[in-house]
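Each chain is listed here by its residues.
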Amino acid sequence: MQRFTLNRRQMLGGLAAGAGLSLLGPMGRASAAVSEIVWATWDSNGHPEYVAPFEKATGTKVKLSFLSSEDAQFAALKTGSASDWDIVNPSLNGAWRYIKAKVLKPLDLSKVPNLAHMYDVFKTTDKVKGEDGATYAIPYLWGLNPIVYRSDIHTEEPTYSTLFDPKFKGQLAMRDYALESIAVAALHLGIPRERAFLLTSDELAEVKKALIAQKPLLRTYWQTIGDLTNLFATGEVTAAFSWRVPYDALKDKMKVAMAKPKAGIMGWCDCFGIPANLPDEKMDIAYKFADYLLGADYASTIAEIGNYATTSSIIRDKLTPEKQEAIFVDDLSVMQNFMWPVAPENYSEWLKVWNEVKAA
Amino acid sequence: MTFRQRHLALPVAAAIVAGCLAPLAVLVAFSFYEVEDFELVPAFSFRAWGELAFSSTDWFLIGKAVLSGVATTVFTAILGYPVALALTRLAASGKGLAVIVLLTPLYTGEIVRIYAWRIVLGGEGLVNTLLQGVGLIDEPLKFLLFSPFTIALVLTYNNLPFMVLAIWVSAEMVDRRLIEAARDLGARPIDAFFRVIFPLTTPGLAAGSLTVFALSAGEMLTPSLLGGTSGSTAMALVDNLFGTAFDWPLASALALALLATLFLVASAMAGLLLRLKGARAVVGRV
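Note that the structure is a prediction, hence the values are computed from the model and not measured.

Novice: Please provide a residue-by-residue account of the overall build of chain B, values included.
Specialist: Helix and strand counts for chain B stand at 13 helices and two strands. Its C-alpha atoms put chain B at 75 × 70 × 30 Å along the principal axes. Out of the 286 residues belonging to chain B, those deemed buried represent 42%. Within chain B, counting contacts between residues at least 6 apart in sequence, those at least 24 apart form 71% of the total.

Novice: Residues and numbers for unusual backbone geometry, please.
Specialist: With a phi close to 65 degrees, Phe328(A) is a non-glycine residue in the positive phi region. Mapping Phe328(A) onto the fold places it in the loop between α12 (321–326) and β11 (338–339). Residue Phe328(A) is classed as buried on the basis of its relative accessible area of 6%. Phi angles above zero are rare outside glycine, and Phe146(B) is one such case at about 60 degrees. Position of Phe146(B) among the secondary structure elements: in the loop between α6 (126–133) and α7 (148–172). A relative accessible area of 7% means that Phe146(B) is categorised as buried.

Novice: Explain the UniProt feature "transmembrane region" (unreviewed entry) in chain B to me, using residue names and the numbers behind them.
Specialist: The feature "transmembrane region" (unreviewed entry), as annotated in UniProt, sits at residues 12–33, 59–84, 96–116, 149–171, 192–215 and 250–274 of chain B in this numbering. With 100% helix and 0% strand, the stretch residues 149–171 of chain B has end C-alpha atoms that lie 30 Å from each other.

Novice: If you had to explain the packing of helix α5 (residues 110–121) of chain B against α7(B) to someone new, which residues and values would you point to?
Specialist: Residues and elements named next belong to chain B. At a closest axis distance of 12 Å, the pairing of α5 and α7 adopts a crossing angle of 130 degrees. By the angle between their directions, the pair α5 and α7 is classed as oblique. When the axes of α5 and α7 are compared, the crossing they make is right-handed. Contact residues: Arg113, Trp117 and Leu121 in α5; Thr150, Leu153, Val154, Tyr157 and Asn158 in α7.

Novice: Quick one: what's the story with the packing of aromatic side chains, residue by residue and with numbers?
Specialist: A ring pair, where both rings are aromatic, is described by two values, the distance of the centres and the angle of the planes. Taken as a whole and judged by the stated rule, the model has 34 aromatic pairs over all chains. Geometrically, the ring pair formed by Phe143(B) and Phe149(B) is edge-to-face, given 5.3 Å between the ring centres and 70 degrees between the ring planes. Seen from their ring centres, Phe193(B) and Phe198(B) are 6.2 Å apart, and the 50 degrees between their planes marks the pair as tilted. Under the relative-accessibility criterion, Phe193(B) is labelled buried at 17%. Classification of Phe198(B) by relative accessible area gives partly exposed; the value is 21%. Of the aromatic side chains, those joined through ring pairs into one cluster are Trp39(A), Tyr50(A), Phe54(A), Tyr140(A), Phe289(A), Tyr292(A) and Tyr298(A).

Cut-offs used in this document
Residues numbered from 1 in each chain as written. Chains lettered and ligands numbered in written order. Predicted model: local features only at pLDDT ≥ 70, side-chain atom pairs only at ≥ 80, totals over all residues. Heavy atoms only, no water. Helix = DSSP H or I, 4+ residues; strand = E, 2+ residues; numbered from the N terminus. Buried < 20%, exposed > 50% of the residue type's maximum accessible area, 1.4 Å probe, protein only. Contact = heavy atoms within 4.5 Å. UniProt positions renumbered as here; feature names shortened; annotations may be inferred. Axes fitted to C-alpha atoms, helices over the stretch in contact; angles between N-to-C directions. Parallel < 35°, antiparallel > 145°, perpendicular 65-115°, else oblique. Left-handed = near helix turned anticlockwise from the far one by under 90°. Phe/Tyr/Trp six-rings, centres within 6.5 Å; stacked < 30°, edge-to-face > 60°.

In structure tokens form, the structure reads like this:
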């Protein structure tokens, strides 16, 4: 009983203090700089050391809120359950649905001076623009999705058709993701990369056949990149349509390599976005953060630790040739070969096909 | 039950209504809505139900959930009886220890267990290495991991404690003298089991079966991460429709159809088990 009384007092005291602070809150915001912003992003994009220079320069702490999936992020914004997020992380290929759903604020690009250093392919993309012509997201980090493979087993560099080759039955893996897996099958069937995300119903039917025929060859569909890394590490899989993470994690432990198929390289790109409901007093710091993501400090740290490139050329020429190669900026012509996975108008048909393939 | 006791049940009943029936009502409403530009628009549309009715994939996955639930229930019952009966013969202190041991695997998280299974059953895993080491096999047994076998094995392992505990509680209530009388009258142990113990423990079997069926039929993570290309489930499809496809009406219709099917099968299972002679005797006595 004594213990309960004490706890209750403490709790009441805490509540009173909290209520007092919440009354003081608006005054604090009005008179001082924003003390904290919440950045919803992937864990690979937002290590604490990546944002430390920003925190030091501005005095604003960046609280990291890691995403589980882009769908979850979109759903959270759409349903209003993400009210504490100040900055969000739509993908370039998925930005259109955020814009259409009106969950992002239009951006004033004049407040992001580092945009001047952005590579043209990102600067000129229309995927971040709404029908009103306004820009709603800023691409800041990009990379390639290669085929990761065991170079001691695959003596020739794999192509997408390797993932459909009975010779490697039981050693292959595909991502459990309709958009990329259907496009990979389309490229394997010889459909040009310009149309890999614009398939007709007949082409989708052909792709479906190819994916069903592929099933017995696969060890599994991978769910998360940690899952795939584990599959490589335990010898279950020797080639998979992947992200670069397994390569970085395992290159010192086993013979792994990355293949960039000539049929088309799928790129990914993450964007900076501001939720539509962000209070005005946080807008300035949000723009400063956007500028930081395109600046030299973030680019250097994430290139060094994470092996990722930002969309800015600001530090490219200062990197060693090895590091340039590691983050795919040694040969800038690679940007001309990008395929940006974009959910097509008939995406529900794609999802239906993918679910049918998995249930077949 | 006194008036006072009934009142004590009210908060629980209210919580069940708020936590279960209210979301179900929302699902029913959503299933008739339409989606326009990522907005759920209130309507009275049968689009989702129509799509569901003619989708062989959806019904296949619902059927697969039922099969998975029933198979896991049967496997855990077959394996659970010997364990539960052995528990009844232990001394009181031994029983406590045995229950702790039985539940130990559940103290680890599901993800930890899943990756542990990969280490045990993988091509370069414990079982294959052992079998190759003693010369029983030349090549790794690939079916051990990422196959329907794996799903059945792991779901059985994960759910076995729930079945054992339910049967054990029931078995503890069986009057030992009835078993002894059966043996004295010439019944073999197997006959004593089927004609005395099994009928009198069917309430426990029913409770265990309902629990195991519900847990395994709705399981998504284990099939997805250990079932390989055969790991698709109705629950994963519901998740996909709510998330990626943003088709909440179809996701709601599928979730309701799955729920109704599982409810019917579970009711049928419980009805069959409790209709057994011994069960009626026990339930009647209570």
